[in-house]
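# Survey of secondary and tertiary structure
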Amino acid sequence: MNAVFQAATILIAAILLLRLSGRKSIAQMTLPQTIVMLAVGTILVHPITDKGVVDTFVVIATFVVTLLLLEFLQVKINGFEKLLTGKSRIVIQDGVLNVAELKKLRMTVDQLEMRLRTSGIEKIEDVKTATIEPNGQLGYELMDDTKPLTAGEFKKWMEVYLQSNHSDPALGQ
């Protein structure tokens, strides 16, 4: 039973430590950040590795059960979800950078601009709202004037255009 408690404690400590470390997925981490995360994982698992085979299976099962319990609690309790995964952070509002929020996220303007460029956005002023999601991804909504034309909008405008041309007396129709 001691192994179960120890495994659950290690898992919760690992989640809290990784939550403190920021919002970047492994693909977005720099080499030093990746090395630190691997080192933290190794250190957290070290107490488990000195156990026997049965204890190791008990620990693995405890990890899985604890993870399932945490996921269940996230679905049922909104505050628990915010604690474990966080919430979206607004970094651009109406074309204006929120530098204070970028600092809280430990993200530079250059890093944000890189994410915008990879999404096909050239200017910050073109963005109505941009957020850094809990998974580290960029979410955004473009200003109305910079949004691409959809097929539905094109059809609607074509109908208006065709109706206005057919009812124009100057066209002789």
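Let me begin by describing the structure that accompanies this report. (Residues numbered from 1 in each chain as written. Predicted model: local features only at pLDDT ≥ 70, side-chain atom pairs only at ≥ 80, totals over all residues. Heavy atoms only, no water.)

### Considerations on the overall build of the chain
Cut-off, in case you're wondering: Helical segments are the DSSP runs of H or I of at least four residues, strand segments are the runs of E of at least two, and each set is numbered from the N terminus. Here's how the labels work: a residue is buried when its accessible area is under 20% of the maximum for its type, exposed when over 50%, partly exposed in between, all with a 1.4 Å probe on protein chains only. Contact between two residues is taken to exist if any of their heavy atoms lie within 4.5 Å; hydrogens are not considered. In these tables, accessible area is a Shrake-Rupley quantity obtained with a 1.4 Å probe, and a residue counts as shielded only by the protein chains included in the view.
Helix and strand content of the chain: seven helices and four strands. Considering the chain as a whole, with its 173 residues, one finds that 23% of them fall into the buried category. In the chain, the proportion of contacts linking residues at least 24 apart, taken out of those at least 6 apart, comes to 53%. Put simply, the chain shows about 12,200 Å² of open surface, and 65% of that area lies on carbon and sulfur atoms.

### Some words on the pattern of salt bridges
Two side chains of opposite charge can pair, provided their charged atoms sit close to one another. Selection rule: What counts as a salt bridge is simple: a side-chain nitrogen of Lys or Arg found within 4 Å of a carboxyl oxygen of Asp or Glu.
This model, assessed by the stated rule, comprises four salt bridges. Between Glu101 and Arg89 there is a salt bridge whose closest N-O contact spans 3.4 Å. Of this pair, Glu101 sits in helix α5 (residues 99-104) while Arg89 sits in strand β1 (residues 89-93), placing them twelve residues apart in sequence. The buried category is assigned to Glu101, whose relative accessible area is 11%. With relative accessibility at 29%, the residue Arg89 sits in the partly exposed group. Note that Lys147 is salt-bridged to Asp144, the shortest N-O span being 3.4 Å.

### Comments concerning the side chain of Thr131
What counts is decided by this rule: Counted as a polar contact is a pair of N or O atoms within 3.5 Å, where, for protein atoms, one must be capable of donating a hydrogen and the other of accepting one, and residues adjacent in sequence contribute only when both atoms are in side chains.
Residue position: Thr131 is located in strand β3 (residues 127-132). Classification of Thr131 by relative accessible area gives buried; the value is 13%. A distance of 2.5 Å separates polar atoms of two side chains, one belonging to Thr131 and the other to Glu133. The contact partners of Thr131, leaving out residues within four places of it in the chain, are Ser88, Arg89, Ile90, Val91, Gln137, Leu138 and Gly139.

### Re the sheet that holds strand β2 (residues 96-97)
The cut-off we apply is this: DSSP-based pairing: two strands are paired if at least 2 bridges between them are found.
The four strands are arranged β2-β1-β3-β4 in an open sheet whose pairing can be described as antiparallel. Each of the sheet's edge strands pairs with one partner strand only, and the pair in question is β2 and β4 (138-142). Relative to β2, β1 runs antiparallel, the two sharing two bridges. Residue Gln93 lies in a different strand from β2, and its bridge partner there is Val96.

### Re the environment of Leu116
Structurally, Leu116 is set in helix α6 (residues 109-118). In the structure, Leu116 is positioned 22 residues away from Leu138 in sequence and 7.9 Å away in space, judged by C-alpha atoms.

### Some remarks on the environment of Lys104
Tracing the backbone through its elements, the reader meets Lys104 in helix α5. Note on Lys104: relative accessible area 59%, which makes it exposed. It is 9.6 Å that separates the C-alpha atoms of Lys104 and Arg89, two residues lying 15 residues apart in sequence.

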